[in-house]
Amino acid sequence: MAKKDYVQICEDIISTCGGESNIANVTHCMTRLRIQLHDETRINKDEAKKISGVIDLIVRGGEYQFVIGQDVPALFAEFKKHDGIKTGGEIQDTDAVKQDIKAGRENFFANIMAFIGGTFSPVIPVLIAGGLTGAVLTLLTTFFGVSAEDGAYKIFYAVNQAAFYSLPIFIGFSASNKLKSNGYLGAFLGAILLYSTINNAEGLEFFGIKVQQIAYNSTVFPVILGVLFMSVIYKNLQKIMPVYLRTIFVPLITMLITVPVTLIVLGPIGNLAGTWLADGVLTVYRVAPAIAVMIIGITTPLMVFFGMNNATYPVLFLLIAEIGSDPLICTGMAPANVAVGGACLAAAMIAKNAEVRSVATGAGVTALCGITEPGVYGVLFVKKYPLIGAMIGGGAGGLLAGLLGMTQYVVSTPGFISIPAYINPDGTSRNLIVSLIVMVTAVAVSFAITLFLGKRAEKKSAVN
(Lines give C-alpha, C1' and ligand atoms only; values in the text may rest on other atoms or scores of the structure.)
Protein backbone atom coordinates (compact mmCIF):
# COMPACT_ATOMS: atom_id res chain seq x y z
CA MET A 1 0.00 0.00 0.00
CA ALA A 2 1.28 3.45 -0.91
CA LYS A 3 2.39 5.75 1.86
CA LYS A 4 -0.35 8.14 2.94
CA ASP A 5 -0.05 11.81 2.05
CA TYR A 6 -1.33 13.34 5.29
CA VAL A 7 -0.97 16.90 3.99
CA GLN A 8 -3.26 16.11 1.06
CA ILE A 9 -5.73 14.19 3.23
CA CYS A 10 -5.89 17.17 5.60
CA GLU A 11 -6.53 19.60 2.74
CA ASP A 12 -9.20 17.34 1.24
CA ILE A 13 -11.02 17.01 4.57
CA ILE A 14 -10.91 20.76 5.14
CA SER A 15 -12.30 21.33 1.66
CA THR A 16 -15.19 18.88 2.05
CA CYS A 17 -16.01 20.38 5.46
CA GLY A 18 -16.57 23.82 3.93
CA GLY A 19 -13.15 25.33 4.57
CA GLU A 20 -11.18 26.31 7.67
CA SER A 21 -13.73 28.92 8.73
CA ASN A 22 -16.43 26.24 9.07
CA ILE A 23 -14.37 23.95 11.33
CA ALA A 24 -15.08 24.70 14.99
CA ASN A 25 -12.88 22.08 16.62
CA VAL A 26 -10.73 19.05 15.74
CA THR A 27 -9.73 16.22 18.09
CA HIS A 28 -8.91 12.56 17.60
CA CYS A 29 -9.19 9.21 19.34
CA MET A 30 -7.25 6.02 18.60
CA THR A 31 -8.49 5.64 15.02
CA ARG A 32 -10.81 8.56 14.21
CA LEU A 33 -10.40 12.24 13.45
CA ARG A 34 -13.31 14.00 15.19
CA ILE A 35 -14.52 17.30 13.75
CA GLN A 36 -17.20 19.71 14.94
CA LEU A 37 -18.57 22.23 12.44
CA HIS A 38 -20.16 25.66 12.69
CA ASP A 39 -22.55 24.99 9.79
CA GLU A 40 -23.31 21.31 9.18
CA THR A 41 -25.05 22.02 5.87
CA ARG A 42 -21.71 22.92 4.25
CA ILE A 43 -20.08 19.48 4.54
CA ASN A 44 -20.13 17.20 1.49
CA LYS A 45 -20.49 13.77 3.11
CA ASP A 46 -20.33 11.80 -0.12
CA GLU A 47 -17.09 13.45 -1.19
CA ALA A 48 -15.67 13.09 2.33
CA LYS A 49 -16.11 9.31 2.18
CA LYS A 50 -14.25 9.19 -1.14
CA ILE A 51 -11.09 10.89 0.18
CA SER A 52 -8.06 8.66 -0.23
CA GLY A 53 -6.96 7.60 3.26
CA VAL A 54 -10.44 7.96 4.79
CA ILE A 55 -11.99 4.56 5.55
CA ASP A 56 -15.43 5.92 6.44
CA LEU A 57 -17.32 8.92 7.84
CA ILE A 58 -19.52 8.46 10.90
CA VAL A 59 -21.81 11.20 12.26
CA ARG A 60 -22.59 11.05 15.98
CA GLY A 61 -24.32 13.81 17.96
CA GLY A 62 -23.20 16.65 15.70
CA GLU A 63 -19.65 15.31 15.50
CA TYR A 64 -18.11 14.13 12.20
CA GLN A 65 -15.80 11.18 12.78
CA PHE A 66 -13.40 10.42 9.93
CA VAL A 67 -12.20 6.82 10.34
CA ILE A 68 -8.48 6.88 9.51
CA GLY A 69 -6.78 4.06 11.41
CA GLN A 70 -4.04 3.95 14.03
CA ASP A 71 -2.03 6.56 12.12
CA VAL A 72 -4.63 9.25 12.86
CA PRO A 73 -2.17 11.22 15.08
CA ALA A 74 -0.06 11.92 11.98
CA LEU A 75 -3.09 13.42 10.24
CA PHE A 76 -4.07 15.36 13.37
CA ALA A 77 -0.57 16.89 13.40
CA GLU A 78 -1.28 18.41 9.98
CA PHE A 79 -4.47 20.04 11.29
CA LYS A 80 -2.49 21.59 14.15
CA LYS A 81 -0.39 23.44 11.58
CA HIS A 82 -3.46 25.40 10.47
CA ASP A 83 -3.72 28.49 12.68
CA GLY A 84 -7.35 29.01 11.69
CA ILE A 85 -8.46 25.67 13.13
CA LYS A 86 -8.92 24.94 16.83
CA THR A 87 -7.45 21.56 17.79
CA GLY A 88 -9.13 20.81 21.10
CA GLY A 89 -10.11 23.44 23.62
CA GLU A 90 -13.09 25.67 24.06
CA ILE A 91 -15.83 26.43 21.53
CA GLN A 92 -18.45 29.10 22.11
CA ASP A 93 -20.23 29.10 18.77
CA THR A 94 -23.94 29.51 19.50
CA ASP A 95 -25.09 28.08 16.18
CA ALA A 96 -23.13 24.88 16.74
CA VAL A 97 -24.57 24.60 20.25
CA LYS A 98 -28.10 25.02 18.89
CA GLN A 99 -27.47 22.35 16.30
CA ASP A 100 -26.21 19.95 18.97
CA ILE A 101 -29.32 20.61 21.09
CA LYS A 102 -31.57 20.00 18.08
CA ALA A 103 -29.74 16.76 17.28
CA GLY A 104 -30.05 15.71 20.92
CA ARG A 105 -33.83 16.18 20.83
CA GLU A 106 -34.10 14.10 17.69
CA ASN A 107 -32.12 11.16 19.07
CA PHE A 108 -31.60 11.37 22.80
CA PHE A 109 -30.20 7.86 23.31
CA ALA A 110 -27.72 8.16 20.43
CA ASN A 111 -26.46 11.45 21.84
CA ILE A 112 -26.04 10.00 25.34
CA MET A 113 -23.99 7.14 23.91
CA ALA A 114 -22.00 9.57 21.75
CA PHE A 115 -21.31 11.77 24.79
CA ILE A 116 -20.12 8.88 26.97
CA GLY A 117 -18.07 7.35 24.16
CA GLY A 118 -16.61 10.72 23.17
CA THR A 119 -15.71 11.42 26.79
CA PHE A 120 -13.86 8.15 27.37
CA SER A 121 -12.24 7.84 23.95
CA PRO A 122 -9.47 10.46 24.51
CA VAL A 123 -8.70 8.94 27.92
CA ILE A 124 -8.15 5.41 26.61
CA PRO A 125 -4.35 5.78 26.09
CA VAL A 126 -3.98 6.72 29.78
CA LEU A 127 -6.11 3.76 30.84
CA ILE A 128 -4.17 1.33 28.66
CA ALA A 129 -0.79 2.60 29.87
CA GLY A 130 -1.88 2.53 33.51
CA GLY A 131 -3.66 -0.82 33.22
CA LEU A 132 -0.88 -2.65 31.44
CA THR A 133 1.63 -1.28 33.96
CA GLY A 134 -0.28 -3.39 36.48
CA ALA A 135 0.35 -6.41 34.27
CA VAL A 136 4.04 -5.47 34.10
CA LEU A 137 4.12 -5.46 37.92
CA THR A 138 2.66 -8.98 37.94
CA LEU A 139 5.37 -10.14 35.53
CA LEU A 140 8.11 -8.52 37.60
CA THR A 141 7.01 -10.08 40.87
CA THR A 142 6.09 -13.50 39.44
CA PHE A 143 8.94 -14.19 37.04
CA PHE A 144 11.76 -11.79 37.94
CA GLY A 145 11.67 -11.85 41.73
CA VAL A 146 11.10 -8.10 42.13
CA SER A 147 9.91 -7.25 45.63
CA ALA A 148 7.16 -4.78 46.46
CA GLU A 149 9.80 -2.92 48.47
CA ASP A 150 12.03 -2.31 45.45
CA GLY A 151 12.19 1.20 44.08
CA ALA A 152 11.35 0.04 40.54
CA TYR A 153 8.21 -1.66 41.82
CA LYS A 154 7.10 1.46 43.72
CA ILE A 155 7.58 3.67 40.65
CA PHE A 156 5.64 1.37 38.32
CA TYR A 157 2.99 0.92 41.01
CA ALA A 158 2.59 4.71 41.11
CA VAL A 159 2.08 4.75 37.33
CA ASN A 160 -0.59 2.08 37.64
CA GLN A 161 -2.44 3.64 40.57
CA ALA A 162 -2.24 7.26 39.39
CA ALA A 163 -4.00 6.41 36.12
CA PHE A 164 -7.12 5.18 37.89
CA TYR A 165 -7.05 7.24 41.07
CA SER A 166 -6.88 10.38 38.94
CA LEU A 167 -9.55 9.18 36.51
CA PRO A 168 -12.12 11.83 37.60
CA ILE A 169 -9.63 14.53 36.55
CA PHE A 170 -9.15 13.05 33.08
CA ILE A 171 -12.88 12.43 32.68
CA GLY A 172 -13.69 15.94 33.91
CA PHE A 173 -11.38 17.46 31.30
CA SER A 174 -12.60 15.25 28.47
CA ALA A 175 -16.32 15.57 29.28
CA SER A 176 -16.04 19.34 29.53
CA ASN A 177 -14.32 19.55 26.14
CA LYS A 178 -16.97 17.24 24.67
CA LEU A 179 -19.62 19.68 25.93
CA LYS A 180 -17.69 22.60 24.40
CA SER A 181 -17.09 24.08 27.83
CA ASN A 182 -13.81 24.80 29.66
CA GLY A 183 -11.79 21.59 29.91
CA TYR A 184 -9.53 22.87 32.65
CA LEU A 185 -12.47 23.71 34.91
CA GLY A 186 -13.75 20.18 34.31
CA ALA A 187 -10.36 18.81 35.37
CA PHE A 188 -10.41 21.20 38.35
CA LEU A 189 -13.75 19.73 39.46
CA GLY A 190 -12.28 16.22 39.27
CA ALA A 191 -9.27 17.33 41.32
CA ILE A 192 -11.54 18.87 43.97
CA LEU A 193 -13.51 15.63 44.32
CA LEU A 194 -10.24 13.77 44.90
CA TYR A 195 -8.88 16.19 47.49
CA SER A 196 -8.14 14.57 50.84
CA THR A 197 -10.77 16.51 52.81
CA ILE A 198 -13.53 15.56 50.34
CA ASN A 199 -12.77 12.15 48.82
CA ASN A 200 -14.36 9.50 51.07
CA ALA A 201 -14.50 12.05 53.91
CA GLU A 202 -16.60 11.31 57.00
CA GLY A 203 -18.81 13.86 58.74
CA LEU A 204 -18.43 16.56 56.07
CA GLU A 205 -21.00 19.38 56.12
CA PHE A 206 -21.73 22.46 54.00
CA PHE A 207 -23.44 25.21 56.05
CA GLY A 208 -25.22 22.55 58.08
CA ILE A 209 -26.10 20.35 55.09
CA LYS A 210 -24.65 16.86 55.42
CA VAL A 211 -22.37 15.77 52.57
CA GLN A 212 -22.55 12.05 51.76
CA GLN A 213 -19.35 10.06 52.13
CA ILE A 214 -18.29 8.90 48.63
CA ALA A 215 -15.04 7.44 47.32
CA TYR A 216 -14.81 9.59 44.19
CA ASN A 217 -11.61 7.91 43.04
CA SER A 218 -13.54 4.69 42.30
CA THR A 219 -16.50 6.09 40.36
CA VAL A 220 -16.92 8.27 37.25
CA PHE A 221 -20.63 9.14 37.28
CA PRO A 222 -20.45 11.96 39.88
CA VAL A 223 -17.83 13.94 37.93
CA ILE A 224 -19.74 13.41 34.66
CA LEU A 225 -22.95 14.76 36.21
CA GLY A 226 -20.98 17.58 37.84
CA VAL A 227 -19.44 18.61 34.51
CA LEU A 228 -22.84 18.52 32.80
CA PHE A 229 -24.15 20.95 35.42
CA MET A 230 -20.96 23.01 35.34
CA SER A 231 -21.12 23.48 31.58
CA VAL A 232 -24.62 24.96 31.84
CA ILE A 233 -23.52 27.41 34.53
CA TYR A 234 -20.33 28.32 32.67
CA LYS A 235 -21.97 28.94 29.31
CA ASN A 236 -24.76 31.06 30.78
CA LEU A 237 -22.31 33.15 32.78
CA GLN A 238 -20.27 33.68 29.60
CA LYS A 239 -23.38 35.10 27.94
CA ILE A 240 -24.49 37.48 30.66
CA MET A 241 -21.15 38.57 32.14
CA PRO A 242 -19.49 41.69 30.67
CA VAL A 243 -16.40 40.80 28.66
CA TYR A 244 -14.00 42.66 30.96
CA LEU A 245 -15.23 40.66 33.99
CA ARG A 246 -15.35 37.17 32.45
CA THR A 247 -11.76 36.12 33.12
CA ILE A 248 -12.09 36.62 36.88
CA PHE A 249 -15.71 36.05 37.76
CA VAL A 250 -16.93 33.37 35.35
CA PRO A 251 -14.59 30.61 36.62
CA LEU A 252 -14.98 31.73 40.25
CA ILE A 253 -18.77 31.78 40.26
CA THR A 254 -18.93 28.60 38.18
CA MET A 255 -16.95 26.61 40.73
CA LEU A 256 -18.59 28.19 43.79
CA ILE A 257 -21.94 27.00 42.46
CA THR A 258 -20.87 23.70 40.90
CA VAL A 259 -18.85 22.18 43.74
CA PRO A 260 -21.53 22.33 46.49
CA VAL A 261 -24.26 21.15 44.10
CA THR A 262 -22.06 18.25 42.97
CA LEU A 263 -21.17 17.22 46.54
CA ILE A 264 -24.69 17.54 47.96
CA VAL A 265 -26.89 16.46 45.04
CA LEU A 266 -25.17 15.18 41.89
CA GLY A 267 -22.44 13.14 43.57
CA PRO A 268 -24.87 10.98 45.56
CA ILE A 269 -27.13 10.56 42.50
CA GLY A 270 -24.19 9.50 40.34
CA ASN A 271 -22.87 7.15 43.01
CA LEU A 272 -26.30 5.55 43.44
CA ALA A 273 -26.76 5.17 39.68
CA GLY A 274 -23.34 3.56 39.41
CA THR A 275 -24.14 1.14 42.24
CA TRP A 276 -27.44 0.13 40.65
CA LEU A 277 -25.79 -0.35 37.26
CA ALA A 278 -22.99 -2.49 38.73
CA ASP A 279 -25.46 -4.61 40.69
CA GLY A 280 -27.64 -5.06 37.60
CA VAL A 281 -24.75 -6.06 35.35
CA LEU A 282 -23.36 -8.46 37.94
CA THR A 283 -26.78 -10.04 38.43
CA VAL A 284 -27.13 -10.69 34.71
CA TYR A 285 -23.59 -12.08 34.54
CA ARG A 286 -24.07 -14.36 37.56
CA VAL A 287 -27.37 -15.75 36.26
CA ALA A 288 -26.02 -16.63 32.81
CA PRO A 289 -22.30 -15.81 32.49
CA ALA A 290 -21.71 -17.71 29.26
CA ILE A 291 -24.69 -16.09 27.51
CA ALA A 292 -23.78 -12.62 28.78
CA VAL A 293 -20.18 -12.81 27.52
CA MET A 294 -21.35 -14.41 24.26
CA ILE A 295 -23.66 -11.45 23.60
CA ILE A 296 -20.73 -9.05 24.04
CA GLY A 297 -18.67 -11.21 21.70
CA ILE A 298 -21.36 -11.19 19.01
CA THR A 299 -22.31 -7.51 19.20
CA THR A 300 -18.89 -5.85 19.58
CA PRO A 301 -18.38 -5.27 15.81
CA LEU A 302 -21.81 -3.61 15.71
CA MET A 303 -20.94 -1.44 18.72
CA VAL A 304 -17.71 -0.39 17.01
CA PHE A 305 -19.56 0.43 13.80
CA PHE A 306 -22.10 2.60 15.61
CA GLY A 307 -19.44 4.19 17.84
CA MET A 308 -20.87 2.73 21.05
CA ASN A 309 -17.97 0.53 22.16
CA ASN A 310 -16.32 3.22 24.29
CA ALA A 311 -19.64 3.84 26.05
CA THR A 312 -19.15 0.52 27.86
CA TYR A 313 -16.19 1.82 29.87
CA PRO A 314 -18.27 3.01 32.85
CA VAL A 315 -19.55 -0.56 33.29
CA LEU A 316 -15.99 -1.88 33.01
CA PHE A 317 -14.77 0.42 35.81
CA LEU A 318 -17.72 -0.53 37.99
CA LEU A 319 -16.90 -4.22 37.59
CA ILE A 320 -13.22 -3.72 38.41
CA ALA A 321 -14.12 -1.62 41.46
CA GLU A 322 -16.68 -4.19 42.60
CA ILE A 323 -14.90 -7.52 42.04
CA GLY A 324 -11.32 -6.60 41.08
CA SER A 325 -11.47 -7.71 37.44
CA ASP A 326 -13.65 -7.54 34.33
CA PRO A 327 -15.26 -10.89 33.45
CA LEU A 328 -17.72 -9.36 30.98
CA ILE A 329 -16.90 -6.27 28.89
CA CYS A 330 -13.23 -6.65 27.88
CA THR A 331 -13.51 -10.41 28.33
CA GLY A 332 -16.22 -10.47 25.66
CA MET A 333 -14.48 -7.93 23.46
CA ALA A 334 -11.20 -9.88 23.38
CA PRO A 335 -12.53 -12.81 21.29
CA ALA A 336 -14.67 -10.36 19.30
CA ASN A 337 -11.68 -8.21 18.35
CA VAL A 338 -9.42 -11.05 17.32
CA ALA A 339 -12.35 -12.65 15.46
CA VAL A 340 -12.46 -9.49 13.34
CA GLY A 341 -8.78 -10.12 12.62
CA GLY A 342 -9.48 -13.71 11.57
CA ALA A 343 -12.32 -12.61 9.30
CA CYS A 344 -10.18 -9.91 7.66
CA LEU A 345 -7.31 -12.33 7.03
CA ALA A 346 -9.73 -14.81 5.46
CA ALA A 347 -11.14 -12.02 3.28
CA ALA A 348 -7.58 -11.14 2.25
CA MET A 349 -6.94 -14.75 1.22
CA ILE A 350 -10.05 -14.74 -0.98
CA ALA A 351 -9.53 -11.27 -2.47
CA LYS A 352 -8.34 -11.14 -6.08
CA ASN A 353 -7.61 -7.41 -6.11
CA ALA A 354 -4.15 -6.55 -4.71
CA GLU A 355 -5.32 -3.31 -3.06
CA VAL A 356 -8.28 -5.04 -1.38
CA ARG A 357 -5.97 -7.82 -0.19
CA SER A 358 -3.52 -5.29 1.24
CA VAL A 359 -6.24 -3.38 3.11
CA ALA A 360 -7.76 -6.59 4.51
CA THR A 361 -4.36 -7.95 5.61
CA GLY A 362 -3.39 -4.73 7.38
CA ALA A 363 -6.80 -4.49 9.04
CA GLY A 364 -6.56 -8.13 10.11
CA VAL A 365 -3.19 -7.75 11.81
CA THR A 366 -4.37 -4.55 13.52
CA ALA A 367 -7.53 -6.28 14.77
CA LEU A 368 -5.53 -9.16 16.24
CA CYS A 369 -3.79 -6.50 18.32
CA GLY A 370 -7.17 -5.15 19.48
CA ILE A 371 -7.86 -2.18 17.16
CA THR A 372 -10.80 -3.14 14.94
CA GLU A 373 -12.09 0.09 13.34
CA PRO A 374 -10.09 -0.35 10.09
CA GLY A 375 -11.37 -3.92 9.79
CA VAL A 376 -14.97 -3.09 10.70
CA TYR A 377 -15.28 -0.13 8.34
CA GLY A 378 -12.90 -1.22 5.61
CA VAL A 379 -13.68 -4.95 5.35
CA LEU A 380 -16.59 -6.31 7.45
CA PHE A 381 -19.28 -3.85 6.39
CA VAL A 382 -17.97 -3.69 2.82
CA LYS A 383 -18.12 -7.41 2.03
CA LYS A 384 -20.77 -8.41 4.62
CA TYR A 385 -19.74 -12.11 4.81
CA PRO A 386 -16.66 -11.24 6.96
CA LEU A 387 -19.08 -9.52 9.37
CA ILE A 388 -21.04 -12.76 9.73
CA GLY A 389 -17.84 -14.72 10.24
CA ALA A 390 -16.53 -12.25 12.85
CA MET A 391 -19.80 -12.24 14.80
CA ILE A 392 -19.99 -16.04 14.86
CA GLY A 393 -16.32 -16.30 15.86
CA GLY A 394 -16.72 -13.63 18.56
CA GLY A 395 -19.84 -15.32 19.87
CA ALA A 396 -18.16 -18.72 20.01
CA GLY A 397 -15.17 -17.24 21.82
CA GLY A 398 -17.43 -15.32 24.20
CA LEU A 399 -19.46 -18.42 25.02
CA LEU A 400 -16.26 -20.36 25.76
CA ALA A 401 -14.91 -17.47 27.86
CA GLY A 402 -18.07 -17.43 29.97
CA LEU A 403 -18.08 -21.19 30.43
CA LEU A 404 -14.41 -21.27 31.49
CA GLY A 405 -14.60 -18.20 33.73
CA MET A 406 -12.12 -16.04 31.81
CA THR A 407 -11.54 -12.52 33.13
CA GLN A 408 -9.34 -9.49 32.46
CA TYR A 409 -7.47 -8.05 35.44
CA VAL A 410 -6.42 -4.64 34.10
CA VAL A 411 -7.82 -2.18 31.59
CA SER A 412 -6.29 -2.59 28.15
CA THR A 413 -7.22 -2.92 24.49
CA PRO A 414 -8.63 -6.47 24.31
CA GLY A 415 -6.50 -8.59 21.96
CA PHE A 416 -3.31 -10.62 21.68
CA ILE A 417 -1.07 -7.58 22.22
CA SER A 418 -2.51 -7.15 25.72
CA ILE A 419 -2.03 -10.75 26.80
CA PRO A 420 -0.32 -9.75 30.10
CA ALA A 421 -3.67 -8.29 31.18
CA TYR A 422 -4.96 -11.84 31.61
CA ILE A 423 -2.23 -12.93 34.04
CA ASN A 424 -3.68 -13.44 37.50
CA PRO A 425 -1.91 -11.19 40.06
CA ASP A 426 -1.50 -14.23 42.30
CA GLY A 427 0.89 -15.70 39.74
CA THR A 428 -1.26 -18.65 38.60
CA SER A 429 -1.47 -19.29 34.87
CA ARG A 430 -4.96 -20.81 34.40
CA ASN A 431 -6.67 -17.58 33.31
CA LEU A 432 -3.85 -16.79 30.87
CA ILE A 433 -4.11 -20.25 29.28
CA VAL A 434 -7.91 -19.98 29.09
CA SER A 435 -7.61 -16.54 27.46
CA LEU A 436 -5.25 -17.85 24.78
CA ILE A 437 -7.56 -20.81 24.08
CA VAL A 438 -10.58 -18.50 23.84
CA MET A 439 -8.92 -16.04 21.45
CA VAL A 440 -7.34 -18.72 19.25
CA THR A 441 -10.76 -20.41 19.03
CA ALA A 442 -12.40 -17.11 18.04
CA VAL A 443 -9.81 -16.50 15.30
CA ALA A 444 -10.10 -20.05 13.95
CA VAL A 445 -13.90 -20.04 13.86
CA SER A 446 -14.17 -16.59 12.27
CA PHE A 447 -11.48 -17.44 9.71
CA ALA A 448 -13.15 -20.73 8.74
CA ILE A 449 -16.68 -19.27 8.52
CA THR A 450 -15.50 -16.26 6.53
CA LEU A 451 -13.48 -18.45 4.16
CA PHE A 452 -16.47 -20.73 3.60
CA LEU A 453 -18.98 -17.91 3.07
CA GLY A 454 -16.51 -15.91 0.99
CA LYS A 455 -15.80 -18.74 -1.44
CA ARG A 456 -19.52 -19.33 -1.87
CA ALA A 457 -20.06 -15.63 -2.51
CA GLU A 458 -17.24 -15.54 -5.06
CA LYS A 459 -18.65 -18.61 -6.87
CA LYS A 460 -22.10 -17.08 -6.95
CA SER A 461 -20.81 -13.79 -8.34
CA ALA A 462 -18.75 -15.66 -10.98
CA VAL A 463 -21.83 -17.58 -12.15
CA ASN A 464 -23.89 -14.41 -12.36
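Right above here is the structure, for reference.
Residues numbered from 1 in each chain as written. Predicted model: local features only at pLDDT ≥ 70, side-chain atom pairs only at ≥ 80, totals over all residues. Heavy atoms only, no water.

A. Here's a closer look at empty space enclosed by the protein. All told, the structure shown has two cavities of 30 Å³ or more when counted by the stated rule. Size it by volume and the largest cavity reaches roughly 290 Å³. If you go around the largest cavity, you meet 26 residues; those closest to its centre are I124, N309, N310, Y313 and E373. At the level of elements, β2 (32-37), α12 (289-305), α13 (313-323) and α14 (329-350) are the ones that each hand at least two residues to the lining of the largest cavity. No other element matches the four residues that α14 contributes to the lining of the largest cavity. Across the lining of the largest cavity, the residue classes tally to eleven nonpolar, twelve polar and three charged. (1 Å grid on protein atoms, 1.4 Å probe; cavity = no way out; pocket = protein on both sides within 12 Å on 5 of 7 lines; lining within 4 Å. Points joined across faces, edges and corners; volume = space filled by probe spheres on them. Helix = DSSP H or I, 4+ residues; strand = E, 2+ residues; numbered from the N terminus. Nonpolar A, V, L, I, M, F, W, Y, C, P; charged D, E, K, R; others polar.)

B. Spotlight on the nonpolar core. Counting 64 residues, the largest nonpolar core has F120, I171, Y313, F317, L328 and I329 as the members making the most contacts within it. Setting aside its immediate chain neighbours within four residues, I171 contacts T119, F120, V123, V220, V223 and I224. Counting residues in hydrophobic clusters, the runner-up holds 23 residues, among them I14, C17, V54 and F66. (Core = buried A, V, L, I, M, F, W, Y, C linked by side-chain atoms within 4.5 Å. Buried < 20%, exposed > 50% of the residue type's maximum accessible area, 1.4 Å probe, protein only. Contact = heavy atoms within 4.5 Å.)

C. Structural context of the sheet that holds β2. Spatially, β1-β2-β4-β3 is the arrangement adopted by the four strands of the open sheet, whose pairing is antiparallel. This sheet does not close on itself; its edge strands, each paired only once, are β1 (23-28) and β3 (56-60). On average, each strand axis in the sheet is tilted by 25° relative to the strand beside it, whichever way the strands run. The pairing of β2 with strand β4 (residues 63-67) spans five bridges and is antiparallel. (Pairing = 2+ DSSP bridges. Axes fitted to C-alpha atoms, helices over the stretch in contact; angles between N-to-C directions.)

D. Main features of the environment of I392. Turning to its location among the elements, I392 is positioned in helix α17 (residues 385-404). Residue class for I392 comes out partly exposed when judged on its relative accessible area of 39%. As a C-alpha pair, I392 and T299 span 93 residues in sequence and 9.8 Å in three-dimensional space. With residues up to four places along the chain from it excluded, the contact list for I392 reads V445 and I449.

E. Just the pairing of β3, in detail. Burial runs high along β3: four of the five residues are buried. Relative to β4, β3 runs antiparallel, the two sharing five bridges. Across the sheet, residue D56 finds its bridge partner in β4, namely V67.

F. Inspection of the environment of Y313 at higher detail. As for its placement among the helices and strands, Y313 is situated in helix α13. We classify Y313 as buried; its relative accessible area is 9%.

G. Geometry of the packing of helix α9 (residues 183-194) against helix α10 (residues 221-240). At their nearest, the axes of α9 and α10 sit 10 Å apart, and the two run at 135° to each other. What the angle tells us is that α9 and α10 run oblique. In this structure, α9 crosses over α10, and the sense of that crossing is right-handed. Mapping the contact onto sequence places L185, G186, L189, G190 and L193 in α9 and V223, G226, V227, M230 and Y234 in α10. The class makeup of the residues in the contact of α9 with α10 is seven nonpolar, three polar and no charged. (Parallel < 35°, antiparallel > 145°, perpendicular 65-115°, else oblique. Left-handed = near helix turned anticlockwise from the far one by under 90°.)

H. Highlighting the packing of α10 against helix α11 (residues 243-287). Their axes nearest at 6 Å, the elements α10 and α11 cross at an angle of 150°. In this view, α10 runs roughly antiparallel relative to α11, as classed from their interaxial angle. Considering how the two elements wind past one another, α10 and α11 form a crossing that is right-handed. Grouping the constituent residues of the contact of α10 with α11 by class yields 16 nonpolar, nine polar and two charged.

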